[in-house]
Amino acid sequence: MSGVPTTTSIPPEFIDLVEGKKFDALESLWTTRMEQDANDLPLFFGVAAAVKKKGSGAVALRLLRFLAGYHEEGSEGHIQTLLEIARMSPKDPEVRKELAASLKKR
């Protein structure tokens, strides 16, 4: 587990999947957790950061986009997730447009 942060915000079941680069299983667990509590943003952002650290930035962004889509446009969860996407991928022109639209809706 050397390359993944082992903070208390990332449960071991996530860390094991990230370490093993088992992204299909990770997406399944992500979906389950999202359905349980989509507002646990520190968990999701921590997992996405760990995935990116393992060299899979595209997977991390895909997971975050999935989370953003799960939240209602204009909601705090939607905006915070879009901000995290923008932080992880600052050159993504689409996220800025989405963020502006979400803020307008708010």
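This text goes with the structure placed above it.
Thresholds, definitions, all that
Residues numbered from 1 in each chain as written. Predicted model: local features only at pLDDT ≥ 70, side-chain atom pairs only at ≥ 80, totals over all residues. Heavy atoms only, no water. Axes fitted to C-alpha atoms, helices over the stretch in contact; angles between N-to-C directions. Helix = DSSP H or I, 4+ residues; strand = E, 2+ residues; numbered from the N terminus. Parallel < 35°, antiparallel > 145°, perpendicular 65-115°, else oblique. Left-handed = near helix turned anticlockwise from the far one by under 90°. Contact = heavy atoms within 4.5 Å. Buried < 20%, exposed > 50% of the residue type's maximum accessible area, 1.4 Å probe, protein only. Core = buried A, V, L, I, M, F, W, Y, C linked by side-chain atoms within 4.5 Å.

Helix α4 (residues 57–70) packs onto helix α3 (residues 41–53) with a crossing angle of 160° between their chain directions and a minimal axis gap of 7 Å. When the axis of α3 is compared with that of α4, the two are roughly antiparallel. Crossing geometry of α3 relative to α4 is assigned as right-handed. From α3, L41, F44, F45, A48, V51 and K52 reach across to α4, where they touch G57, V59, A60, L64 and L67.

Next up on the list: unusual backbone geometry. Positive phi, normally seen in glycine, also occurs at K21, with a value near 50°. The residue K21 is located in the loop between α1 (12–19) and α2 (23–37) in this model. Given the relative accessible area of 46%, K21 is considered partly exposed.

The next thing to look at is the side chain of S56. Secondary-structure assignment places S56 in the loop between α3 and α4. Judged by its relative accessible area of 12%, S56 falls in the buried class. With residues up to four places along the chain from it excluded, the contact list for S56 reads F23 and V51.

Quick look at the nonpolar core now. If you look at the biggest cluster of nonpolar residues, it comprises 32 residues, and the most contacted ones within it are L26, W30, V47, V51 and L67. Listed by contribution, the elements that provide at least two residues to this core are α1, α2, α3, α4, α5 (76–88) and α6 (93–105). When near neighbours in sequence (up to four residues on either side) are disregarded, L26 contacts F14, L17, V18, V47, V51 and L63.

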